[in-house]
Amino acid sequence: MMLVAVVALALVVMTWVGYPLVASLVASGRPPLSFGAPPHASDRAVTVVLATRESPRVVVDRVRDLLASTQPRHLLEVVVAVDSASSYALADYGAVLPAGVRVVAGDAPGGKAATLNAGVRAASAEILVFADSAQRFAPTAIPELAHFLSNCDLGAVSGAYQTRDATGSPLLRAFWWLETRIRRAEARIHSLVAVTGAIYAIRKSLWRPLPPELICDDLYVPLHVAARGYRVAFCETAIASDVRTFDRRQEFSRKVRTLTGMLQVCGWCPWVLSPVANPLWLQFVFHKLLRLATPYLLLVGLSAGGWGLAQRGLGAEVAIALSVLGIAVFAGPGAWAISLQAAPIVATFNAVRGRWSVWSMPTGQERPIPH
């Protein structure tokens, strides 16, 4: 029992401490991608695809922000793909959007994946940039993403996401800090496992239509790009800013959605679980799968360890230690820890039941942060 406890808890430590340290050390020995000075404008045509079900008032503000990019206007196309589940008509958008912006209807049965498919079909440029409704891009974000794809080894590139931290949770801030450094290391070693859904770019020739009801295009797309032999990069200076704030309930819902989406990808694309078929298998296991397994590993490790100690006559000491641990968990940042570790359990139940309809907010209202 003690061996079981040691193995389970060691996997948790490797997931949250060992893997980030090893990835950072390996990345430090790899030269960064070199592109020269970031451009204020790209000489390559770009289509921005905005999939939405938000109101025309929200969308027109977002489109104006996209058109304020330093990318030359004649090399910048904006396609607004309206979810078929939207309560607004296409004419409502066409009446308020600037001239030259294309508005298309999303595919049936609706949802973000089906809407993205329609938007990509309408795009004319080889470089596609994906945006959500709620964020705002830095002026140079679009040309910087396009500049990355001038490297023929790269098939996709993720931008960075910034938001205000209204929660005041040290645990959540630490999670964001850790996630950014893991992404930076993974991109230097080879590729990101997942991109930021609110800001990423891909070569149109590498796009494959998304399955209807797909939850996480930001995981499905980069895995398929890497499987075709291309790298997925990380451009930290291409920033999407979000002025919204999120409470613990919203963070929990977001986490459940993204973890359910990860399990959906595993079920629909089982090749991602194969070290032969998935070139990002090691990153996928440590960055994604073992994170989802963390609450189960903790349960096994603590239960096995407690049983083993009780068998040695230390039952009272174990009970006291677990009581102290429980008080610590439910106080301060421990409540956030419970919330974050409960999300994988709910996601697992969603996957077992095949419950993929987990969007609790309109398209632009979910925070597109790492899984």
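Draft legend 1. Spotlight on unusual backbone geometry. In this chain, Ala108 is followed by Pro109 through a cis amide linkage whose omega measures 5°. Tracing the backbone through its elements, the reader meets Pro109 in the loop between β3 (102–105) and α4 (112–122).

Draft legend 2. Examining the pattern of salt bridges more closely. Within this structure, the stated rule accounts for 10 salt bridges. Between Asp65 and Arg62 there is a salt bridge whose closest N-O contact spans 2.5 Å. With Asp65 and Arg62 both in helix α2 (residues 56–67), this residue pair falls 3 residues apart, about one helical turn. Using a relative accessible area of 19% as the deciding quantity, one classes Asp65 as buried.

Draft legend 3. Local environment of the nonpolar core. Core analysis: the biggest nonpolar cluster contains 45 residues, and Phe130, Ile202, Trp207, Leu210, Leu219, Leu223 and Phe284 have the highest contact counts within it. Ignoring anything within four residues of it in the chain, the contact list for Phe284 reads Val193, Leu219, Leu223, Met262, Cys266, Val272, Leu273, Asn278 and Leu289.

Draft legend 4. Molecular detail of the sheet that holds strand β4 (residues 127–131). Spatial ordering of the open sheet is given by β3-β2-β1-β4-β7-β6-β8-β5, a layout of 8 strands whose pairing is mixed. Here the strands that pair on one side only, and so sit at the sheet edges, are β3 and β5 (136–137). By the bridge criterion, 4 bridges tie strand β2 (residues 76–82) to β3 in an arrangement that is parallel. The residue bridging Val80 from the neighbouring strand is Val103, located in β3. Sheet contacts for α2: β1 (46–52), β2, β4 and β5; angle to β2, the most-contacted strand, approximately 160°.

Draft legend 5. Representation of the pairing of strand β8 (residues 231–242). As defined by bridge partners, β5 adjoins β8 across 2 bridges and the pair is classed as antiparallel. From the neighbouring strand, Phe137 faces β8, where its bridge partner is Ala240. Relative to β8, strand β6 (residues 154–163) runs parallel, the two sharing 8 bridges. Paired with Ser158 across the bridge in β8 is Phe234.

Definitions and cut-offs
- Residues numbered from 1 in each chain as written.
- Predicted model: local features only at pLDDT ≥ 70, side-chain atom pairs only at ≥ 80, totals over all residues.
- Heavy atoms only, no water.
- Helix = DSSP H or I, 4+ residues; strand = E, 2+ residues; numbered from the N terminus.
- Salt bridge = Lys/Arg side-chain N within 4 Å of Asp/Glu carboxyl O.
- Buried < 20%, exposed > 50% of the residue type's maximum accessible area, 1.4 Å probe, protein only.
- Core = buried A, V, L, I, M, F, W, Y, C linked by side-chain atoms within 4.5 Å.
- Contact = heavy atoms within 4.5 Å.
- Pairing = 2+ DSSP bridges.
- Axes fitted to C-alpha atoms, helices over the stretch in contact; angles between N-to-C directions.

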